[in-house]
2 protein chains.
Amino acid sequence: MSTVEKQLDDLKETIASEVPPDISVTEVKYEGPEVVVYTRDPRKFAEDGDLVRNLASKLRKRITIRPDPDVLSAPEKAREEIMAVIPEDAGVTDLDFHEDTGEVVIEAQKPGMVIGRHGSTLREITQESGWTPEVVRTPPIESSTVSNVRDFLKTERDDRRRILEKVGRQIHREEMADDEYVRITTLGCCREVGRASFVLSTPETRILIDCGDKPGSEDEVPYLQVQEALGAGANTIDAVVLTHAHLDHSALIPLLFKYGYDGPIYCTEPTRDLMGLLTLDYLDVASKEGRTPPYESEMVREAIKHCIPLEYGDVTDIAPDVKLTFHNAGHILGSAVSHFHIGDGLYNVAFSGDIHYEDTRLFNGAVNDFPRVETLVMESTYGGRNDYQTDREDSEERLIEVINETFDRGGKVVIPAFAVGRSQELMLVLEEAMREDKIPTVPIHLDGMIWEATAIHTTYPEYLRDDLRDRIFHEDENPFLADQFNHIDGGEEERMDVAEGDECIVLSTSGMVTGGPIMSWLEHAGPDPDNRLVFVGYQAQGTMGRRIQSGWDEIPIGGEGGRTQRLTLNMDVETVDGFSGHADRAGLMNFVKTMNPRPEKVLCVHGDERSVQDLSSGLYHDHNIRTFAPKNLETFRFL
Amino acid sequence: MSTVEKQLDDLKETIASEVPPDISVTEVKYEGPEVVVYTRDPRKFAEDGDLVRNLASKLRKRITIRPDPDVLSAPEKAREEIMAVIPEDAGVTDLDFHEDTGEVVIEAQKPGMVIGRHGSTLREITQESGWTPEVVRTPPIESSTVSNVRDFLKTERDDRRRILEKVGRQIHREEMADDEYVRITTLGCCREVGRASFVLSTPETRILIDCGDKPGSEDEVPYLQVQEALGAGANTIDAVVLTHAHLDHSALIPLLFKYGYDGPIYCTEPTRDLMGLLTLDYLDVASKEGRTPPYESEMVREAIKHCIPLEYGDVTDIAPDVKLTFHNAGHILGSAVSHFHIGDGLYNVAFSGDIHYEDTRLFNGAVNDFPRVETLVMESTYGGRNDYQTDREDSEERLIEVINETFDRGGKVVIPAFAVGRSQELMLVLEEAMREDKIPTVPIHLDGMIWEATAIHTTYPEYLRDDLRDRIFHEDENPFLADQFNHIDGGEEERMDVAEGDECIVLSTSGMVTGGPIMSWLEHAGPDPDNRLVFVGYQAQGTMGRRIQSGWDEIPIGGEGGRTQRLTLNMDVETVDGFSGHADRAGLMNFVKTMNPRPEKVLCVHGDERSVQDLSSGLYHDHNIRTFAPKNLETFRFL
Ligand SMILES: [Zn+2]
Ligand SMILES: [Zn+2]
Ligand SMILES: [Zn+2]
Ligand SMILES: [Zn+2]
Ligand SMILES: [Zn+2]
């Protein structure tokens, strides 16, 4: 009997002795970080709301109860039983019965009403039907990404259970090492922005954190090939943790599966879906630009299949000696500060990922309160001595001014924006300004991936700022559903109609004018000097956006039949700063200053040479913390 | 055709075009770092002394010429031809013909006379016989280590050629990486003395430098198991470089072969032989102390078989992108400062190994003159702020005083000493003192491995200090052959005779009184208060030597039948400092101060926490060099 079998046997005995004698425990299994308990008495389990909670806290594990398949009602009967329990207002849109596990996935417009107070409705469902309910939200705006991911995971349930069982056994394997150390190896993202990738290693465990590309430098990828990364094979890595879905953190996650990785990816649910959206687009852009994509779309599906979604605050065993907890990072939907607790009180490392320290319209500010943290790996994008951003209120006022000026002269406003994050922030600004009559209520056209990204945001309101979430939940005032938002889904024809029509605002990708529908908008709206092009985000060196900002007014446009035409840009060009998803210098310093507890060491990464050096010396001088500005391919030992 | 085959073909063509048309080139092969050229005209090659030299400098490779087997004289005939050429005074003791390669190994008491001025006699040998001569010295004192190693290498010639050919092909493989970096990973020896082991890595190549044990902490071994070391398999390492034979650098080299390593070990010839002696003794001690040795003696033979001996100053390709050069380190016989030239002028790293900066009686001071060095990895044993040693002249005077006092009262002098280095240094001091009548000429008894270690020293006089070498070479005044030296080879009986006899000096291992024949000497000489125990080397914490130094006079001695008896030590205990093989604080500082060129970065290793920190800050403050005091398991990137 392997040690894992032995452990499971012991676990089964403990559980059996903890539950009342009339509740049977037929099998205990690991599925990923969870312990799954099969019982012939799911109803009795469901009767006592505290039973599972007490069991979980006693075993210090996450526990899921599943009915033994032969005690289940037939799905047709169960459907009636379940629908009778759930209030009609919950808006159930789908019931999906899995007879192999006794689970029923309930898709509803208002998941909270399916769950009930402290899970009372869920328990009632089990008592009536014997089935174990799992609840997901029906996207308020239809999202093809979300439905594709959900459909795909449905068809891959068997393979996914195999993966989860394997992962579970690996997490609960016996600890072998008699040594103690904690190390971080930098595979990218040091003294540069891009190709985020780190290895956190102990004698027992090696965890890869992020695996991104470097925008604008396609050949500079993380140093995955070195021995301490994947040199000895992709499966020498125990787990992958993804802080958020931006491509500089996620683009090469699917590549790991091409290299043979078969382990878990821990991320939040929105990060999983956004990663799917963005990596598929990444492949698309690569092939449009005539580059060979580093992997096929099949690998994106593999990655999604291997995701184990965690919620903020869940303390999760991801290795025999490592617990992971995600906390809101305030940067984009699902972005997470990743906290690793190593050993039994041995050491704690937090990776900030990308953060925004203050509240924005979309998100609460980044969490910087932890039980313990000795070392922080910290983004430094705006860590430079003078990298202060315009105050958000001032920025919004300026944007409103710019829009009103444009409308006053009868022009249209075109805003190049990133699909994920920046666009939704602007949508909230514009929706409020119109509601409060600061600007006239005119159509706001969303082009490129913006609509789809917005749909994903509305699927996961729990990840949005408290009051925004509440508006969506309780008051049914989802601002993203406002009438003036229009999804451009009619192609070039619709764009030309809009361009010839009345005042309006256009948000379109790509955010740095490097391709995508924004090129069409320049073509249609560019010649009219009454129109305005408004940049709201950082334009990187070498991008068309940066060139236009700096005065170029002759720009190449791909014409009919592949010929390149030159377009003369007569429209006004404006830049309104202050909408960044990154903390500025003050935000980064404050994140550490108010951090509880204050870390002993900080590694400054994810910033250009000057930014990491400035932030590193700033933190050292102000707070007397030992700081480092690592290079790529270095290893730091902390214990 | 593989790229190596293609290269060899090109090389053959180049060579054929460079030599006169009447000289045939039948085959060209790699053997380790050398290019071996087979010819049907070995005599013509031998006629022109410059031909091979010019070829070597043109190709920037080490070149060996070998006769095609079918143009050789028969060995019996060749023996006569060869002996007719070599002057009788050369003292040839063996001729060993290898028909497979056309080489004849000539063992002679005076190798210089077999070589002749600028190799003229060697060339004459080839002209007369067609054979390629290789010369080795007949040990002036018979050494079982040297003869065992030589006999073993004879029987393993076939396997050795296989190894060399494989190594040769690997060295000359095509470079694949398009990236550039130079890194050092610390596997041991950081903030501690012992388990020296480092990985030097480039995108192309990974080299292990040293692999030692930690004396007194048998379970603390280098971190070989991590991915960036041997985690992915022992053969992910391209080469092993051994700086010197001390066990804290060499003890676990044979273990690499147990792990499946099949590549080269670069070291000097005396380091190879001393490693054989010391690692076999290491196994012996382990089994005597009831520990399971980490490998079997078979693995020591494997290690010896894989040694590729280099001489000081030889610039040798050891990988497509790495050239290695050894320089005298002044520490023990064959010890080498190891200089790595990476890429074509890209970067240079020197590992000091253990060094002595000033001349000693045995060795010239360490070399610190290099074409280029950007980073130095530096020993720090005596790097502490106050680690100044007594001046060597004062130490010698004090030793002479102590000896004379003892003789004056009719006592004997017993000196625990390390077999390798310290003992030979003392032999030179004592031999001179007797020759100059500073002390009476009495027998000096050598016990334990000291005699054998001395024999190895006399086999390699080229590695000794200039004037000592010259005395051995030119004047036939080998001090180690002085009459008063007596090898204790009669066991306990001889020791008791000596102990009951007249005044004398005993040098015996172990140097820290942790076992070995010194225990018998304490038993026999200890009770007499007229005798003296003189410590001349560092006594580590926890050793019996340290306890005796600090006043213990009741010591446990293994008695008959395994019972432990207690022995009362009445003899005087003295300590005379200043004979260390390590540079002291001043020596370490001076090594860097006078180093040419001055390195940009210094990693201070091989010293306790205080020593490395003190040396690190000393070098920084005095010379404004960027210094580091690494921990084990860290990786530093230099480029
Ligand atoms: Zn980001
Ligand atoms: Zn980022
Ligand atoms: Zn040494
Ligand atoms: Zn040493
Ligand atoms: Zn000295």
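No experiment lies behind these values; they were computed from the predicted model shown. (Residues numbered from 1 in each chain as written. Chains lettered and ligands numbered in written order. Predicted model: local features only at pLDDT ≥ 70, side-chain atom pairs only at ≥ 80, totals over all residues. Heavy atoms only, no water.)

### Digging into the overall build of chain A
Here's step 1: Counting its secondary structure elements, chain A contains 22 helices and 28 strands.
Here's step 2: Over its C-alpha trace chain A gives a radius of gyration of 26 Å, about what one expects of a compact globule, namely 26 Å for 639 residues.
Here's step 3: C-alpha atoms of chain A, sized along the principal axes, occupy 80 × 55 × 45 Å.
Here's step 4: By residue count, 59% of the 639 residues in chain A fall in the buried class.
Here's step 5: For chain A, the proportion of contacts with a sequence separation of at least 24, taken over those separated by at least 6, is 71%. (Helix = DSSP H or I, 4+ residues; strand = E, 2+ residues; numbered from the N terminus. Rg over C-alpha atoms; globule rule 2.2 N^0.38 Å. Buried < 20%, exposed > 50% of the residue type's maximum accessible area, 1.4 Å probe, protein only. Contact = heavy atoms within 4.5 Å.)

### Some words on the sheet that holds strand E6 (residues 132-137) of chain A
All names here are of chain A.
Here's step 1: Strand order in the open sheet formed by three strands is E4-E5-E6, and the pairing between neighbours is mixed. The two strands at the open ends of the sheet, each matched to only one other strand, are strand E4 (92-98) and E6. For this sheet, the mean angle separating the axes of adjacent strands, direction not counted, is 20°.
Here's step 2: Pairing of E4 with strand E5 (residues 103-108) involves six bridges; the strand directions are antiparallel. Considered in E5, the bridge of Leu 95 is made with Ile 106. (Pairing = 2+ DSSP bridges. Axes fitted to C-alpha atoms, helices over the stretch in contact; angles between N-to-C directions.)

### Comments concerning the coordination of the zinc ion (ligand 1)
Residue and element names in this part refer to chain A.
Here's step 1: Note on the zinc ion (ligand 1): its protein donors are His 244 (NE2), His 246 (ND1), His 331 (NE2) and Asp 354 (OD). The metal-donor distances range over 2.1 to 2.3 Å.
Here's step 2: With four donor atoms in place around the zinc ion (ligand 1) and angles of 87 to 163° between them, the coordination shape is irregular.
Here's step 3: All donors of the zinc ion (ligand 1) belong to a single chain; written as a sequence motif, their spacing is H-x1-H-x84-H-x22-D.
Here's step 4: Between the zinc ion (ligand 1) and the zinc ion (ligand 2), a separation of 3.4 Å is found, and both are coordinated by Asp 354. Within this pair, whereas His 244 is found in the loop between strand E10 (239-241) and helix H10 (247-250), its partner His 331 is found in the loop between strand E14 (322-328) and strand E15 (336-342), the two being separated by 87 residues in sequence. Each of the two residues, His 244 as well as His 331, counts as buried. (Donors = N, O, S within 2.8 Å, 3.2 Å for Na, K, Ca; no water. Tetrahedral: all angles 85-135°; square planar, octahedral: opposite > 155°, others 65-115°.)

### So, the relation of the copies chain A and chain B
Between the two chain copies there is a screw-like relation: a rotation about an axis and a shift along it.
Here's step 1: Aligned on chain B, chain A shows an RMSD of 0.1 Å; the corresponding rotation is 180° and the shift along the axis is 0.0 Å. Overall, the copies show the geometry of a two-fold rotation axis.
Here's step 2: Residue by residue, 100% of the interface of chain A is reproduced at the interface of chain B, so both copies engage with the same surface. (Least-squares fit on C-alpha atoms with pLDDT ≥ 70 in both.)

### Description of the packing of helix H18 (residues 491-500) of chain A against helix H19 (residues 518-525) of chain A
Residues and elements named next belong to chain A.
Here's step 1: Between H18 and H19, whose axes approach to 10 Å, the crossing angle comes to 40°. Taken together, the axis directions place H18 and H19 in an arrangement best described as oblique. Taken as a pair, H18 and H19 cross one another with a handedness that is right-handed. Note on element contacts: H19 touches H18 through Ser 520, Trp 521 and His 524, opposite Glu 492, Arg 495, Met 496, Val 498 and Ala 499.
Here's step 2: Tallied by class, residues from the contact of H18 with H19 come to four nonpolar, two polar and two charged. (Parallel < 35°, antiparallel > 145°, perpendicular 65-115°, else oblique. Left-handed = near helix turned anticlockwise from the far one by under 90°. Nonpolar A, V, L, I, M, F, W, Y, C, P; charged D, E, K, R; others polar.)

### Some thoughts on the sheet that holds strand E21 (residues 505-508) of chain B
All names here are of chain B.
Here's step 1: Reading across the sheet, the six strands line up as E20-E19-E21-E18-E22-E25 and stay open at both edges, with parallel pairing between neighbours. Two strands close off the open sheet at either side, each with one partner strand: strand E20 (485-487) and strand E25 (572-575). Neighbour to neighbour, the strand axes of the sheet diverge by 25° on average, direction disregarded.
Here's step 2: Relative to E25, strand E22 (residues 532-535) runs parallel, the two being bridged by four bridges. Bridging across to E25, Val 534 finds its partner in Glu 574.
Here's step 3: Against the sheet, helix H14 (residues 392-408) contacts strand E18 (413-416), E21, E22 and E25, and its axis sits at roughly 170° relative to E22.
Here's step 4: Against the sheet, helix H19 (residues 518-525) touches E18, strand E19 (444-447), E21 and E22, its axis set at about 155° to E18.

### A few points about the pairing of strand E9 (residues 206-209) of chain B
Residues and elements named next belong to chain B.
Here's step 1: Residue alternation in E9 divides its side chains into two sets, Arg 206 and Leu 208 and Ile 207 and Ile 209, and both sets are buried.
Here's step 2: As paired strands, strand E8 (residues 197-201) and E9 are joined by four bridges and run antiparallel to one another. Bridge pairing in E9 links Val 199 to Leu 208.
Here's step 3: What sits between the antiparallel neighbours E8 and E9 is a turn of four residues.

### Comments concerning the interface of chain A and chain B
The figure often quoted for interface size is the accessible area lost as the parts come together.
Here's step 1: Contact with chain A, which involves 19 residues of that partner, is made by 19 residues of chain B.
Here's step 2: Taking both partners together, chain A and chain B bury about 1,700 Å²; carbon and sulfur atoms supply 42% of that area.
Here's step 3: At the boundary of chain A and chain B, one finds two salt bridges.
Here's step 4: Here Glu 228 of chain A and Arg 183 of chain B are joined by a salt bridge, their closest N and O atoms 2.7 Å apart.
Here's step 5: Summed over the shared surface of chain A and chain B, the number is 13 residue pairs in polar contact (both at pLDDT 80 or more). (Buried area = accessible area lost by both parts, 1.4 Å probe. Salt bridge = Lys/Arg side-chain N within 4 Å of Asp/Glu carboxyl O. Polar contact = N/O pair within 3.5 Å; in protein donor to acceptor, adjacent residues only side chain to side chain.)

### Details of the environment of Phe 45 of chain A
All names here are of chain A.
Here's step 1: For Phe 45, the location among the structural elements is in helix H2 (residues 42-47).
Here's step 2: Each C-alpha atom, one on Phe 45 and one on Arg 66, is 9.7 Å from the other, the two residues being 21 residues apart in sequence.
Here's step 3: Phe 45 has contacts with Val 19, Ile 23, Ser 24, Val 37, Thr 39, Leu 51, Val 52 and Ile 65, leaving out every residue within four places of it along the chain.

### Remarks on the domain arrangement of chain A
All names here are of chain A.
Here's step 1: We note that the domain assignment places domain 1 (3-159), domain 2 (160-386 + 582-637) and domain 3 (392-575) within chain A.
Here's step 2: Each of domain 1 and domain 2 was reduced to a C-alpha centroid, and the two centroids are 31 Å apart.
Here's step 3: With 24 residues of domain 1 in contact, the opposing surface of domain 2 contributes 28 residues.
Here's step 4: Taken together, the two surfaces of domain 1 and domain 2 that pack against each other cover about 2,400 Å², and 53% of this comes from carbon and sulfur.
Here's step 5: If you sort the residues of domain 1 by the area they bury against domain 2, Pro 33, Phe 152 and Asp 159 come out on top, with a joint share of 23%.
Here's step 6: Counting the contacts that link domain 1 with domain 2 gives eight salt bridges.
Here's step 7: Two residues, Asp 159 and Lys 305, come together in a salt bridge whose shortest N-O distance is 2.6 Å.
Here's step 8: Taken together, domain 1 and domain 2 are joined by 17 residue pairs in polar contact (both at pLDDT 80 or more). (Domains from an automatic or database assignment.)

### Some words on the packing of aromatic side chains
Residues and elements named next belong to chain A.
Here's step 1: Applying the stated rule across the entire model yields 22 aromatic pairs over all chains.
Here's step 2: With a centroid separation of 6.4 Å and an interplanar angle of 85°, the aromatic rings of Tyr 357 and Phe 591 are classed as edge-to-face. Of the two residues, Tyr 357 sits in the loop between strand E16 (347-351) and strand E17 (375-379) while Phe 591 sits in helix H21 (residues 585-593), which places them 234 residues apart along the sequence. The pair formed by Tyr 357 and Phe 591 is uniform in burial state, with each residue classed as buried.
Here's step 3: Through a chain of ring-to-ring contacts, three or more aromatic side chains come together here, namely Phe 198, Phe 340 and Phe 351. (Phe/Tyr/Trp six-rings, centres within 6.5 Å; stacked < 30°, edge-to-face > 60°.)

### Brief notes about the pattern of salt bridges
Residue and element names in this part refer to chain B.
Here's step 1: Tallying each qualifying case throughout the model produces 130 salt bridges over all chains.
Here's step 2: Of the charged contacts, one joins Glu 31 and Arg 161 as a salt bridge, the two residues approaching to 3.7 Å between their closest N and O atoms. Of the two residues, Glu 31 is situated in strand E1 (residues 27-31) and Arg 161 in helix H8 (residues 157-171); the sequence distance between them amounts to 130 residues. Residue Glu 31 shares its accessibility class with Arg 161, and that shared class is buried.
Here's step 3: Put simply, Lys 438 and Glu 436 hold a salt bridge, and the shortest N to O gap is 3.4 Å.

### Notes on unusual backbone geometry
Here's step 1: Here the residue pair Asn 596 of chain A and Pro 597 of chain A is connected by a cis peptide bond, since its omega of -5° sits within 30 degrees of zero.
Here's step 2: Note that Pro 597 of chain A resides in the loop between H21 and strand E26 (601-605).
Here's step 3: Non-glycine residue Cys 189 of chain B carries a positive phi angle of around 75°.
Here's step 4: Position of Cys 189 of chain B relative to the elements: it lies in the loop between strand E7 (183-188) and E8.

### Brief notes about helix H6 (residues 120-129) of chain A
All names here are of chain A.
Here's step 1: Among all positions of H6, only Thr 121, Ile 125, Thr 126 and Ser 129 are buried. For H6, the buried positions fall inside an angular range of 145° around the axis, keeping them on one side.
Here's step 2: Buried-residue contacts for H6 involve H2, helix H4 (75-85), E5, helix H5 (111-115) and E6.
Here's step 3: Of the residues flanking the end of H6, it is Gly 130, one or two places downstream, whose phi is positive at about 85°. (Arc of directions from axis to C-beta.)

### Digging into the side chain of Arg 532 of chain A
Here's step 1: Secondary-structure assignment places Arg 532 of chain A in strand E22 (residues 532-535).
Here's step 2: Once residues lying within four places of it in the same chain are set aside, the contact partners of Arg 532 of chain A are Val 402, Glu 405, Thr 406, Arg 409, Lys 412, Val 413, Val 414, Met 571, Asp 572 and Glu 574 of chain A.

### So, the pairing of E5 of chain A
All names here are of chain A.
Here's step 1: The buried count for E5 comes to six of six residues, which makes it a mostly enclosed element.
Here's step 2: Every second residue of E5 is oriented toward a common face, with Glu 103, Val 105 and Glu 107 on one face and Val 104, Ile 106 and Ala 108 on the other, all of them buried.
Here's step 3: Strand direction decides the pairing type here: E5 and E6, joined by six bridges, are parallel. When the bridges of E6 are listed, Ala 108 appears paired with Arg 137.

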